[in-house]
Amino acid sequence: MAEDNKLLLRIAALCFVVCATLSATTATYTLTIQPIRVCQNDGSACANSGLQLYESYGDKIWAQASIDLLFLPFTTLNSTALWDFQSATDLPGPAVGSILRLYFVPDIDNNAGFYGLAWLGANGMGISDTIFSANRYDTIAHEIGHNLGLQHYDQVNGTAGCDSGESAFLLSSGNCRSVPNGLGNVYPDGSDLDRLSASEISTAIATGLENGWLTVPEPSTVLLSAAGFLAIALRVRRRRC
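Here's what I pulled together on the structure shown here. Values in this document were obtained by computation on a predicted structure and should not be read as measured data. (Residues numbered from 1 in each chain as written. Predicted model: local features only at pLDDT ≥ 70, side-chain atom pairs only at ≥ 80, totals over all residues. Heavy atoms only, no water.)

Here's the deal with the state of the cysteines
Alright, step 1. Tallying each qualifying case throughout the model produces 1 disulfide.
Alright, step 2. Disulfide partner of Cys 39: Cys 46, at an S-S distance of 1.9 Å. Here Cys 39 and Cys 46 share a disulfide; its torsion about the S-S bond, 105 degrees, makes the bridge right-handed. (Disulfide = S-S within 2.5 Å.)

Observations concerning the packing of aromatic side chains
Alright, step 1. Under the definition given, this model contains 7 aromatic pairs.
Alright, step 2. Taking the centre distance of 5.0 Å and the plane angle of 70 degrees together, the rings of Tyr 54 and Tyr 137 count as edge-to-face. Taken together, the residues Tyr 54 in the loop between strand 1 (29-39) and helix 2 (55-62) and Tyr 137 in the loop between helix 4 (130-133) and helix 5 (139-147) connect sequence positions 83 residues apart.
Alright, step 3. Of the residues examined, Tyr 54 reaches a relative accessible area of 14% and is grouped as buried.
Alright, step 4. Ring geometry for Phe 74 and Phe 104: centres 6.1 Å apart, planes at 40 degrees, overall tilted. A residue pair is termed long-range when its members are at least 10 positions apart, and Phe 74 in the loop between strand 2 (67-71) and strand 3 (75-78) and Phe 104 in strand 4 (residues 100-105) qualify at 30 residues.
Alright, step 5. A relative accessible area of 0% means that Phe 104 is categorised as buried. (Phe/Tyr/Trp six-rings, centres within 6.5 Å; stacked < 30°, edge-to-face > 60°. Helix = DSSP H or I, 4+ residues; strand = E, 2+ residues; numbered from the N terminus. Buried < 20%, exposed > 50% of the residue type's maximum accessible area, 1.4 Å probe, protein only.)

Re helix 5
Alright, step 1. In terms of residue burial, helix 5 counts as a mostly covered element, since 9 of its 9 residues are buried.
Alright, step 2. Of all the positions in helix 5, only Thr 139, Ile 140, Ala 141, His 142, Glu 143, Ile 144, Gly 145, His 146 and Asn 147 are classed as buried.
Alright, step 3. One or two positions beyond helix 5, positive phi appears at Gly 149, with a value near 90 degrees.

Focus on the pattern of salt bridges
Charged atoms that come close allow side chains of opposite charge to pair.
Alright, step 1. Under the counting rule described, the total for this entry stands at 2 salt bridges.
Alright, step 2. Note that Lys 60 and Asp 189 form a salt bridge whose closest N and O atoms lie 2.6 Å from each other. Within this pair, whereas Lys 60 is found in helix 2, its partner Asp 189 is found in the loop between helix 7 (164-167) and helix 8 (198-210), the two being separated by 129 residues in sequence.
Alright, step 3. A salt bridge links Arg 177 to Asp 138; the shortest N-O distance between them is 2.9 Å. Of the two residues, Arg 177 is situated in the loop between helix 7 and helix 8 and Asp 138 in the loop between helix 4 and helix 5; the sequence distance between them amounts to 39 residues. The exposure classification of Arg 177 matches that of Asp 138, with both residues buried. (Salt bridge = Lys/Arg side-chain N within 4 Å of Asp/Glu carboxyl O.)

A look at the nonpolar core
Alright, step 1. The biggest cluster of nonpolar side chains holds 37 residues, and the ones touching the most others in it are Leu 31, Ile 33, Trp 62, Ile 67, Leu 102 and Ile 144.
Alright, step 2. Elements with a minimum of two residues in this core: strand 1, helix 2, strand 2, strand 4, strand 6 (125-128), helix 4, helix 5 and helix 8.
Alright, step 3. When near neighbours in sequence (up to four residues on either side) are disregarded, Ile 33 contacts Leu 69, Leu 70, Phe 71, Leu 72, Ile 99, Leu 100, Leu 102, Met 125 and Ile 144.
Alright, step 4. Listed in part, the 9 residues of the second largest apolar core include Ile 36, Val 105, Ile 108 and Leu 117. (Core = buried A, V, L, I, M, F, W, Y, C linked by side-chain atoms within 4.5 Å. Contact = heavy atoms within 4.5 Å.)

A word on the environment of Glu 55
Alright, step 1. Looking at the element boundaries, Glu 55 is found in helix 2.
Alright, step 2. The spacing of Glu 55 and Phe 71 is 16 residues in sequence and 8.1 Å in space, taken between C-alpha atoms.
Alright, step 3. Beyond its immediate stretch of four places on either side in the chain, Glu 55 contacts Leu 69 and Phe 71.

Structural notes on the packing of helix 2 against helix 5
Alright, step 1. Here helix 2 crosses helix 5 at 45 degrees, and the two axes come no closer than 8 Å. On the basis of their axis angle, the class for helix 2 and helix 5 is oblique. The interaxial crossing formed by helix 2 with helix 5 has right-handed handedness. On helix 5, the residues that touch Gly 58, Ile 61 and Trp 62 of helix 2 are Ala 141, Ile 144 and Gly 145.
Alright, step 2. Here the residues of the contact of helix 2 with helix 5 are counted per class, giving 4 nonpolar, 2 polar and no charged. (Axes fitted to C-alpha atoms, helices over the stretch in contact; angles between N-to-C directions. Parallel < 35°, antiparallel > 145°, perpendicular 65-115°, else oblique. Left-handed = near helix turned anticlockwise from the far one by under 90°. Nonpolar A, V, L, I, M, F, W, Y, C, P; charged D, E, K, R; others polar.)

This is how it looks when you write it as structure tokens:
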């Protein structure tokens, strides 16, 4: 019986370690996003031909707020009017529902330096294909922040101009923000770029929950792991009794 108890304690300890690890690596919230390739009316010349999302950047950036980005499979929208994106008034929405809408268009306002725009605290983003040639790895994550109620950091917290401290934040405006040249320079690594302040994290979570965009993942993996280890322990103990 003493050996049985020791084995049970060892298995219980292993269960604790595994479950704690799974819990630590599981995001608290999930944000579901529908990427949409905008095409001309006849279905030609669709934007984002490479089906890129820079998801690894978005996940690492928004992990600061314990938010995991869940991108659904791409869909297409045949609309020459939207494809020929000329101004902020062309952005559809705000959309209704629990899934954020992410529209990809060839360009915005015929301006290669106009990378994206989004509703503030509402559902809908427009992203220009120029982010791919310009390696703007954090633009999608930046526009997600606007949907989650965040304004430009440098305009809210800074003074005239843009200093180096402001340029490290995700929500600083495009002409101020220092865009990471690789995943290794995204906070908390390397140059610590694309940071989120504590108040931004609080606002983003509150806005996401209020609008029903953030969901709490079921802890099924953790619970199943715990149940499995405990079942093994009980089975071993019963066989020896």
